[in-house]
Every structure is written in C-alpha cells, then in structure tokens.
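Fold and geometry: a report
Take a look at the letters that make up each chain.
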Amino acid sequence: MKKWLIALAGVLLTFTLAGCGSKTVATTSGGKITESQYYSSMKGTSSGKQVLQQMILNKVLEKDYGDKVSTKQVTKQYNTYKSQYGSSFSTVLTQNGLTTKTFKEQLRSNLLLKEAVKDKVKITDKALKKQWKSYEPEVTVQHILVAKSATADKVLDALKKDSSQANFTKLAKKYSTDTTTKNKGGKLAAFDNTNTSYSSKFLTAAFKLKNGEYTTSAVKTSNGYEIIRMIKNPGKGKMSDHTAELKKQIWDNDMSDNDMSDSTVLQNVVSKVLKGGNVSIKDSDLKDILSSYLSTSSSSSSN
C-alpha cells in the first residue's frame, strides 16, 4: 500500500481541538487554509506539519492542474486497486487508516502531482534511449503453472505434439494449479515491461516469445514451474514509434520513488510548483515548513 502514493500524500487525519479560530494560516493562488482546518489536523506534530504541506501543495496543484484530472480518472484508478485486492480491499484500506473518500483524495493528489511532473520535467534523448533498453510492448500470454518438474515435462511432451492455443487451453484446465486462470486456458491480463506482479524470470522468458511460441523448458519461479505461450506480441519495433509510451514510463518512474527527500526530480517539481503558487505562511511558528522545497533551485530533468 505504501507504494501507492508519494511520501507527502499522507492521510489527512481529522482531530477536533479546542480553541481553534478562523485566522488564516496560509494563502495561495488557489485559496486560503484557515487555522481551524489546520488545527483539526494536529498542529505542532510531524503528522500535522505533513498535512499542512500537503494541503498547500494540493491547493496550488488544483489551481494549476485541476482541469487535467477528472473524477473519471480517479475512479478508474480506484477501481484498479479494488480489483487487484479483491475481497480484501476494505481490510487493506482500514489497515492503512484509509476510507474510500480519503483514498480517492490521495489518488487525486498523486494524479495532480503527476501532471506537474509531466509539465515541469524535461525528458532528454539520453533518458529516452535508456528507457528504450528495458522497454517491451504490451503482450498477452497464457500459462500453465505446476508444482513438480515431472508434471511440467508431461505438459511439454503434449505441447510438442500440438502447440496450438486450443490444446494449451485444454492442458491448462487439466494441469494448472493457478485456480484463477486455469478455466480460462491460463490466459493472463496483458502486461509490459513495467509489470511488477510477475517475477523477472517469468517476464524475461515471456518477452522472448513470438506469436504462437511457447517456452520449451519450464521456467522455475517461487510459485513453481511455469510454461508460457505467447498469444499476442506486437514486437518492439522502432524507438521513434514509442516516444509517448517511453515518456509515460519515465514519468511513472519519477513518481515511483516514495521517499521525497531522496527524489531529486520530485523535490524540484514540488519546489517549482510551490514557488509559482505565491505561497505565504502567515503563522510564525510554521514559517519554515516549506523551506526544504522552496530552497531547491536546480532544474528538473530526467537523464
């Protein structure tokens, strides 16, 4: 769950504290944040300061990029996670102190920041060429997972006689231990080189296959022995045909670093966003809350 969001996208906790007024704590080009709003999120604690940082950043991001992130996009991303975790999704949210509302707020924050990254980060030719080395187009495969090498050999022997999709489907139903896919002929959802669900051994073996080919020896993974058959591989082609996809992967890589303090790219992007947001801290106790971002001045680029 931690990998879902950047470090600043903390849970917007709500606590009611006595003596809170309506004094303005900060103003931004996107609106103001009142003392009562801030105190409700634990002023003076590290969590409270993190919340204020996020609230300020969100205000400016909404002003600059709000029209680029739709409710439909947030819902789509939410449903992706919901589908991924299945029946345990509600439990996972609860364990991370989240509700449907707060999680969607965090997803929106992340999508807004991604728009800022796309806007502020210059992608160099060097970065494109580097990403191209690991790039693989989206492919569709079917697989058969078994527990023993002897069973894998039995399946491979059958495929030597008939390696058609129909026969592979039949063998998957008979032998595969993957209960999620066996009745669908072992067919998996399409994936590319950014996939993190499958082992590197599985991905390497899959990407080598052309349409209709299968792994002539089983791939040993932590799950057991895998036999993979390629249904659709469009081929890598030329780099110039995939510039948009490569840029998207680079931006996603920039967003994947959860530790903001170690991510030069995100540090610089947030710094630029805040500097352009006309942020003014009105509470003297919080005057340095954005110092680590406002003091960042180097240019943002993916090399």
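Residues numbered from 1 in each chain as written. Predicted model: local features only at pLDDT ≥ 70, side-chain atom pairs only at ≥ 80, totals over all residues. Heavy atoms only, no water.

Turning next to the pairing of strand 1 (residues 24-28). Sheet topology places strand 1 next to strand 2 (residues 31-34); 4 bridges connect them, and they run antiparallel. Across the sheet, Ala26 pairs through a bridge with Ile33, a residue of strand 2. Where strand 1 hands over to strand 2, the hairpin turn is made up of 2 residues, counted between the paired strands. Pairing of strand 1 with strand 7 (residues 280-281) involves 2 bridges; the strand directions are antiparallel. Bridged to Ala26 within strand 7 is Ile281. (Pairing = 2+ DSSP bridges. Helix = DSSP H or I, 4+ residues; strand = E, 2+ residues; numbered from the N terminus.)

Any two aromatic rings considered together are summarised by their centre-to-centre distance and by the angle between their planes. This structure, assessed with the given rule, holds 9 aromatic pairs. An angle of 65° between the planes, with centres 5.6 Å apart, marks the rings of Tyr81 and Phe103 as edge-to-face. Of the two residues, Tyr81 sits in helix 3 (residues 71-85) while Phe103 sits in helix 5 (residues 100-120), which places them 22 residues apart along the sequence. The pair Tyr81 / Phe103 is uniform in exposure class, with both members buried. Ring centres of Tyr198 and Phe202 lie 5.0 Å apart, and the angle between their planes is 40°; on these two criteria the pair is classed as tilted. Taking relative accessible area as the criterion, Tyr198 reaches 25% and is therefore assigned partly exposed. The class of Phe202 is buried, set by a relative accessible area of 2%. Taking the ring centre of Tyr78 as reference, the NZ or CZ of Lys104 above it sits at 4.8 Å. (Phe/Tyr/Trp six-rings, centres within 6.5 Å; stacked < 30°, edge-to-face > 60°. Buried < 20%, exposed > 50% of the residue type's maximum accessible area, 1.4 Å probe, protein only. Lys NZ or Arg CZ within 6 Å of the ring centre and 35° of its normal.)

Tracing the backbone shows His242 in the loop between strand 6 (224-232) and helix 10 (243-255). There is a polar contact of 3.1 Å between the side chain of His242 and the side chain of Tyr135. One polar contact links His242 to Glu245, side chain to side chain, over a distance of 2.8 Å. Beyond its immediate stretch of four places on either side in the chain, His242 contacts Trp132, Tyr135, Lys236 and Gly237. (Polar contact = N/O pair within 3.5 Å; in protein donor to acceptor, adjacent residues only side chain to side chain. Contact = heavy atoms within 4.5 Å.)

End to end, helix 5 covers 30 Å across 21 residues, agreeing with the expected 30 Å (1.5 Å per residue, within 8%). Listed in full, the buried residues belonging to helix 5 are Thr102, Phe103, Gln106, Leu107, Ser109, Asn110, Leu111, Leu112, Leu113, Glu115, Ala116 and Val117. Buried residues along helix 5 sit against helix 2 (46-65), helix 3, helix 4 (89-95), helix 10 and helix 11 (264-275). (Expected span 1.5 Å × (residues − 1).)

Right, let's get into the sheet that holds strand 6. Spatially, 4-6-5 is the arrangement adopted by the 3 strands of the open sheet, whose pairing is antiparallel. Every other strand in the sheet has two partners, leaving strand 4 (140-146) and strand 5 (219-221) as the edge strands with one partner each. Ignoring which end each strand starts from, the neighbouring axes of this sheet average 40° apart. Examined bridge by bridge, strand 5 and strand 6 share 3 bridges and lie antiparallel to one another. Across the sheet, the residue bridging to Val219 is Glu226, located in strand 6. Packed on one face of the sheet, helix 8 (residues 165-175) meets strand 4 and strand 6 and runs near 35° to strand 4. With respect to the sheet, helix 9 (residues 200-207) is in contact with strand 4, strand 5 and strand 6, its orientation differing from that of strand 6 by roughly 35°. (Axes fitted to C-alpha atoms, helices over the stretch in contact; angles between N-to-C directions.)

Buried within helix 8 we find Asn167, Phe168, Leu171, Ala172 and Tyr175. Projected down its long axis, helix 8 shows its buried positions confined to an angular sector of 140°, all on one face. Summarising the geometry of helix 8, the exposed residues directed more than 90 degrees from the buried face are Ala166 and Lys170. Contact partners of the buried residues in helix 8: strand 4, helix 7 (149-161) and strand 6. (Arc of directions from axis to C-beta.)

Turning to the sheet that holds strand 2, a few remarks are in order. On the basis of which strands lie adjacent, the open sheet formed by 3 strands has the order 2-1-7 and antiparallel pairing. Every interior strand has two partners, whereas the edge strands, strand 2 and strand 7, have only one.

Another aspect to go through is the pattern of salt bridges. Per the stated rule, a full pass over the model turns up 6 salt bridges. In this structure, the salt-bridge partner of Arg108 is Glu62, at a minimum N-O distance of 2.6 Å. Remark: Glu62 occurs in helix 2 and Arg108 occurs in helix 5; sequence separation between them is 46 residues. Residue classification places Glu62 among the partly exposed positions, given a relative accessible area of 34%. Of the charged contacts, one joins Asp119 and Lys120 as a salt bridge, the two residues approaching to 3.9 Å between their closest N and O atoms. The structure contains a network of salt bridges with shared partners spanning Lys114, Lys248 and Asp252. (Salt bridge = Lys/Arg side-chain N within 4 Å of Asp/Glu carboxyl O.)

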